[in-house]
Amino acid sequence: MMKDIVVLDNCIDTGPLLDLAERVQFYDMDKHPREVQAAWKGQRTVSLFNDHNEFITDQISQILVNTMTDYKDCANRFDINWQGDAYFHKLRAKDKLDTSDIHIDRHFVYAAVLYLTKDAPEDAGTIIWKNDTAHRIENKFNRLVLYRADYLHSPMASFDTRLTMVMFFRMM
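Residue numbers restart at each chain and count upward from 1, following the sequence in its written direction. Where totals are concerned, whole chains, interfaces and linings use all residues; where local detail is concerned, this predicted model gives features only for residues with pLDDT of at least 70, and gives and counts side-chain atom pairs only at 80 or more. Where side-chain values are given, they derive from all heavy atoms of the structure, hydrogens and water being excluded.

**A look at the packing of aromatic side chains**
Quick reminder of the rule: To pair, rings of Phe, Tyr and Trp, with the six-membered ring standing in for Trp, must have centres within 6.5 Å; the planes then decide the type, stacked if under 30 degrees apart, edge-to-face if over 60, and tilted in the middle. Under the DSSP-based scheme used, a helix requires at least four consecutive residues in state H or I and a strand at least two consecutive residues in state E, with every element numbered from the N terminus.
Tallied over the entire structure, the rule returns 3 aromatic pairs. For the ring pair tyrosine 87 and phenylalanine 168, a centre distance of 6.4 Å and an interplane angle of 55° mean the geometry is tilted. With tyrosine 87 in strand 4 (residues 82-91) and phenylalanine 168 in strand 10 (residues 162-171), this residue pair connects regions lying 81 residues apart in the sequence. Note on phenylalanine 108 and phenylalanine 168: the rings are 5.4 Å apart at their centroids and 40° apart in plane angle, and the pair reads as tilted. Here phenylalanine 108, found in the loop between strand 4 and strand 5 (110-115), pairs with phenylalanine 168, found in strand 10; they are 60 residues apart in sequence, far enough to count as distant. Among the aromatic residues, ring-to-ring pairing joins Tyr87, Phe108 and Phe168 into one connected group.

Okay, here's the thing in structure tokens:
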């Protein structure tokens with residue numbers, strides 16, 4: 001059975017992620033080096049899921065299978081293969097949010113946000129709508145929010161600087 005929304009605190013080793021976030025290039029959407037199939041405010045990196053970032057791929061994939069499905073011991077049942085992508089994303093105070101930021105991630109089964117700003121305003125988290133009910137998730141450092149990508153969602157607020165890692169997954 002697939003789950004809808006899961007919130008996990010302190011489940012990732014953020015040290016390597018924060019080090020990586022300091023070293024990678026961030027791009028505005030109109031200057032991003034890859035073909036952009038989505039719109040966003042703020043800045044994003046290129047994909048973090050690659051051979052050089054196996055710790056990201058391994059940690060997130062394991063959390064996804066263990067928390068969002070009932071298939072914790074996949075090797076004994078069948079393989080669940082996920083294709084994913086992840087980006088660091090910065091929202092700045094100048095990136096004004098409005099109703100146009102409410103969206104779904106239509107090509108994916110799950111989306112996720114990992115909050116990476118220490119001492120962030122809690123009201124700068126994510127709002128997710130499920131069955132016409134708004135679920136407001138507070139922005140807390142090292143909080144991972146996994147949710148069905150077909151749920152309407154958006155950031156609740158921006159500040160200087162809201163650093164997250166956003167992730168998208170589809171089943172293969």
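The discussion continues.
**Quick word on the pairing of strand 7 (residues 133-137)**
Inclusion rule: In this description, strands pair whenever DSSP reports at least two bridges between them.
Summarising the sheet, strand 6 (residues 126-130) and strand 7 pair through 5 bridges and their orientation is antiparallel. Opposite tryptophan 129, over in strand 7, you have alanine 134 as the bridge partner. Joining the antiparallel neighbours strand 6 and strand 7 is a turn of 2 residues, in which asparagine 131 adopts a positive phi near 50°.

**Section: the layout of surface pockets**
Filter applied, for reference: A 1.4 Å probe that fits into a set of points on a 1 Å grid over the protein atoms alone but cannot get out defines a cavity; an open set with protein on both sides within 12 Å along at least five of seven lines defines a pocket, and lining residues are those with an atom within 4 Å of a point. Grid points are joined across faces, edges and corners, and a volume is the space filled by probe spheres set on the points. The classification used treats Ala, Val, Leu, Ile, Met, Phe, Trp, Tyr, Cys and Pro as nonpolar, Asp, Glu, Lys and Arg as charged, and all other residues, Gly among them, as polar.
Taken as a whole, the largest pocket encloses approximately 1100 Å³ of empty space. If you trace the largest pocket, you find 42 residues lining it, with Ala38, Trp40, Arg44, Asp105 and Phe168 closest to the centre. The set of elements that each furnish at least two residues to the lining of the largest pocket consists of strand 4, strand 5, strand 9 (153-155) and strand 10. Top contributing element to the lining of the largest pocket by residue count: strand 4, with 6 residues. Grouping the amino acids of the lining of the largest pocket by side-chain chemistry returns 18 nonpolar, 14 polar and 10 charged.

**Side note on the environment of alanine 157**
For the record, the criterion: Contacts: residue pairs with any heavy atoms within 4.5 Å of one another.
Secondary-structure assignment places alanine 157 in the loop between strand 9 and strand 10. On a C-alpha basis, the gap between alanine 157 and leucine 91 in space is 8.8 Å, while along the polypeptide they are 66 residues apart. Ignoring sequence-local partners within four residues, the contact set of alanine 157 consists of Leu91, Leu97, Asp123, Ala124, Gly125 and Arg162.

**Looking at the pairing of strand 5**
To be explicit about the condition: When a residue's accessible area, from a 1.4 Å probe over protein chains only, is under 20% of the maximum for its type it is buried; when over 50% it is exposed; and in between it is partly exposed.
The buried fraction of strand 5 amounts to 6 of the 6 residues, a majority that puts the element mostly inside the structure. Going residue by residue along strand 5, you find Tyr110, Ala112 and Leu114 tucked away on one face and Ala111, Val113 and Tyr115 tucked away on the opposite face as well. In this sheet, strand 10 lies alongside strand 5 in antiparallel orientation, the contact comprising 6 bridges. The partner of leucine 114 across the bridge, within strand 10, is methionine 165.

**Examining the side chain of threonine 117**
For the record, the criterion: By the criterion applied in these results, polar contacts are pairs of N or O atoms within 3.5 Å in which, for protein atoms, one can donate a hydrogen and the other can accept it, and in which residues neighboring in sequence qualify only through two side-chain atoms.
For threonine 117, the location among the structural elements is in the loop between strand 5 and strand 6. At 3.3 Å, the side chain of threonine 117 forms a polar contact with the backbone oxygen of threonine 161. A distance of 2.8 Å separates a polar side-chain atom of threonine 117 from the backbone nitrogen of leucine 163. Among all residues touching threonine 117, those that are not within four sequence positions of it are Phe141, Phe159, Thr161, Arg162 and Leu163.

Any link to function would need more than the numbers given here.
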